[in-house]
Amino acid sequence: MALITRGFGGRGGQRDSRLPPGQTHVDDWPVLTAGATPDVDPSVWEFTVATESGDPMTWDWDSFRALGMEEFRVDIHCVTHWSRLGMPWRGVSLDRVFEQVETSYDYVMAHSYGGYTTNVPLEELLGGRAWIAFEADGEPLEPEHGGPARLVVPHLYFWKSAKWVRGLTMMPQDEPGFWEERGYHLHGDPWTEERYS
Ligand SMILES: Nc1nc2c(c(=O)[nH]1)N[C@H]1C(S)=C(S)[C@@H](COP(=O)(O)O)O[C@H]1N2
Ligand SMILES: [Mo]
């Protein structure tokens, strides 16, 4: 039986169908951070969702994780052309969060400790497609990878997966976050190469 190493199919002329156009598979996990790594202790970590009601919802470490931790295995795609395939994670689905949130707004700005922001349409955070992750590769998230908690939206380029996430703000219209203001695509679908605008 012939064994094909996944991700190196290009050599044999057969490309891994899990790789979006222009992406190369890596086995390591590069760190990409604009600025310093903030030091966020679980004892002070909070997650806040702000809506048009003016009365934000806030969870602490234990109450947020009690919303329901699940395991998920996904591929991640960085706009700088690397992808990691089949990564195991643990976290809380944003479906669990939005079961508790009342809003008529359709867009979300994710906010991080340290000031990073990124925008995502609400619909794309629902339907089992986005999580607040606490573990990756079977270990608590390293600080450099966004520990103690990060957003993971694997069907969009990885810059949408805000590290050190602290909350979400609902918005009536789509607005650019940190990288989107600096030329990255407002949406960021890797399959249609929405890299830059
Ligand atoms: N808070 C924060 N989140 C962030 C970033 C950042 O600089 N700050 N970089 C983004 C980018 S551009 C990428 S590719 C991924 C990288 O995540 P990693 O360092 O865990 O690979 O995080 C995204 N989330
Ligand atoms: Mo990135």
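Please refer to the structure placed before this passage.
Read on for a plain summary of the structure. (Residues numbered from 1 in each chain as written. Chains lettered and ligands numbered in written order. Predicted model: local features only at pLDDT ≥ 70, side-chain atom pairs only at ≥ 80, totals over all residues. Heavy atoms only, no water.)

### Remarks on the packing of aromatic side chains
Here comes step 1: This model, assessed by the stated rule, comprises 19 aromatic pairs.
Here comes step 2: Both rings, one in Tyr157 and one in Trp159, keep their centres 5.7 Å apart while their planes meet at 15 degrees; by these two values the pair is stacked. In terms of burial, Tyr157 and Trp159 fall into one category: buried.
Here comes step 3: Members of the aromatic cluster, each reached through a chain of ring pairs, are Tyr116, Tyr157, Trp159, Phe178, Trp179, Tyr184 and Tyr196.
Here comes step 4: Of note, Arg182 hangs over the ring of Phe178, and the distance from its end group to the ring centre comes to 3.8 Å. (Phe/Tyr/Trp six-rings, centres within 6.5 Å; stacked < 30°, edge-to-face > 60°. Buried < 20%, exposed > 50% of the residue type's maximum accessible area, 1.4 Å probe, protein only. Lys NZ or Arg CZ within 6 Å of the ring centre and 35° of its normal.)

### Notes on the side chain of Thr118
Here comes step 1: Tracing the chain through its elements places Thr118 in strand E7 (residues 117-121).
Here comes step 2: With sequence-adjacent residues up to four places away left out, Thr118 is seen in contact with Val108, Met109, Ala110, Trp159, Lys160, Ala162, Gly177 and Glu180. (Helix = DSSP H or I, 4+ residues; strand = E, 2+ residues; numbered from the N terminus. Contact = heavy atoms within 4.5 Å.)

### Quick notes on the layout of surface pockets
Here comes step 1: The space that makes up the largest pocket amounts to roughly 420 Å³.
Here comes step 2: Considering the residues around the largest pocket, the lining is formed by 26 residues, among which Leu32, Thr33, Ala34, Tyr116 and Trp179 are closest to the centre.
Here comes step 3: Considering only residue class, the lining of the largest pocket consists of 18 nonpolar, six polar and two charged. (1 Å grid on protein atoms, 1.4 Å probe; cavity = no way out; pocket = protein on both sides within 12 Å on 5 of 7 lines; lining within 4 Å. Points joined across faces, edges and corners; volume = space filled by probe spheres on them. Nonpolar A, V, L, I, M, F, W, Y, C, P; charged D, E, K, R; others polar.)

### Quick word on the site of ligand 1
Here comes step 1: Neighbouring residues of ligand 1: 20 residues in total, closest Pro30, Ala34, His145, Arg150 and Lys163.
Here comes step 2: Between an oxygen atom of ligand 1 and a side-chain N or O atom of Lys163, the distance comes to 2.6 Å.
Here comes step 3: Taking a 2 Å distance to the grid points as the criterion, the majority of the atoms of ligand 1 fall inside the largest pocket.
Here comes step 4: Each residue belonging to the shell around ligand 1 can be placed in one class, and the counts come to 13 nonpolar, four polar and three charged. (Near = heavy atom within 4 Å. Polar contact = N/O pair within 3.5 Å; in protein donor to acceptor, adjacent residues only side chain to side chain. Sits in = over half its atoms within 2 Å of the grid points.)

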